[in-house]
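The lines below spell out each chain.
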Amino acid sequence: MNNAHTPHRVLVVEDEPVLAGTVVNYLNRAGFEARAVPTGTEAVPAVREWSPDVVVLDLGLPGLDGIEVCRQLRGFSDCYVIMLTARVEEDDTLTGLSAGADDYMTKPFSVRELVARVQAQLRRPRVASAALQRSFGPLVIDPGARRVTLGETVIEVTPTEFDVLETLSARPTTAFSRRDLIDAIWGPSWVGDEHLVDVHIGNLRKKLGDAASQPRYVTTVRGHGYRMGTGS
Ligand code: CA
């Protein structure tokens, strides 16, 4: 992350030049340092070299598509990723979140709304908190280091996956509704499909080797949402 005195950097990966130009313009006017690249192939080295805070990533790109770009980014970057999808690609939205995107917007979208989403991502607390480690059997969540370990193994989680786990584990006896989690993580002004939460929980379960049918760490509360702990 940049220090507080430099503008936050936003990389826009979009192959439609007019849309890319408009988004970059709006972001620059909102006080960001934004630039665009037109292909996924250029996106990966651009993130590596420029270290943006947020990547606005079109799903439908020539060559390397948005999903693959996101997967590659997650190998070395914890920047926020907002995926742009077309309505016809709704399954792809879920795949995008599974690949490690933090949020998504469906085309056509309002550029103003996209700028608000970028700002919302950056308002999310990224500063290491002083909270104590939390243990659930072999699972340890360390809010200070923003690290998750399972036994001796460090589990690689995305910023959003960490925030989900952090929020649930802060109040382990509380059942959170999807909206509660969205309010806590994305902020109360977030509008969209609340099942986004389910996708992030699904990713977490996969990484933790946790099964929804026999939960050890995250339990589904039927008709409500999720809570930390076993199903019993
Ligand atoms: Ca496109």
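Refer to the structure printed above.
The shown structure was predicted, so the numbers you read here are calculated from the model rather than taken from an experiment.

Draft legend 1. Looking closely at the overall build of the protein chain. When you go through the protein chain residue by residue, the secondary structure sums to eight helices and 12 strands. Computed over the C-alpha atoms, the radius of gyration of the protein chain is 18 Å, within 12% of the 17 Å expected from 2.2 N^0.38 for a compact globule of 232 residues. Taken over the C-alpha atoms alone, the protein chain extends approximately 55 × 40 × 30 Å along its principal axes. Expressed as a percentage of the 232 residues in the protein chain, the buried residues total 49%. Residue pairs in contact within the protein chain that sit at least 24 positions apart in sequence constitute 57% of those at least 6 positions apart. About 11000 Å² of surface is accessible on the protein chain, with carbon and sulfur atoms providing 52% of the total. Of the side-chain charges in the protein chain, 25 are positive and 30 negative, and the distance between the mean point of each set is 5 Å.

Draft legend 2. Broad picture of the coordination of the calcium ion. Bound to the calcium ion on the protein side are Asp15 (OD), Asp58 (OD) and Gly60 (O), at distances that span 2.1 to 2.4 Å. Here the donor residues of the calcium ion share one chain and are spaced in sequence as D-x42-D-x1-G. Of this pair, Asp15 sits in the loop between strand S1 (9–13) and helix H1 (17–29) while Asp58 sits in strand S3 (residues 54–58), and the two are 43 residues apart along the sequence. Look at Asp15 and you get partly exposed, because its relative accessible area is 30%. Relative accessible area serves as the criterion here: at 3%, Asp58 is assigned to the buried category.

Cut-offs used in this document
- Residues numbered from 1 in each chain as written.
- Predicted model: local features only at pLDDT ≥ 70, side-chain atom pairs only at ≥ 80, totals over all residues.
- Heavy atoms only, no water.
- Helix = DSSP H or I, 4+ residues; strand = E, 2+ residues; numbered from the N terminus.
- Rg over C-alpha atoms; globule rule 2.2 N^0.38 Å.
- Buried < 20%, exposed > 50% of the residue type's maximum accessible area, 1.4 Å probe, protein only.
- Contact = heavy atoms within 4.5 Å.
- Areas by Shrake-Rupley, 256 points an atom, 1.4 Å probe, with all protein chains shown as cover.
- Lys, Arg positive; Asp, Glu negative; His and termini not counted.
- Charge placed at Lys NZ, Arg CZ, Asp CG, Glu CD.
- Donors = N, O, S within 2.8 Å, 3.2 Å for Na, K, Ca; no water.

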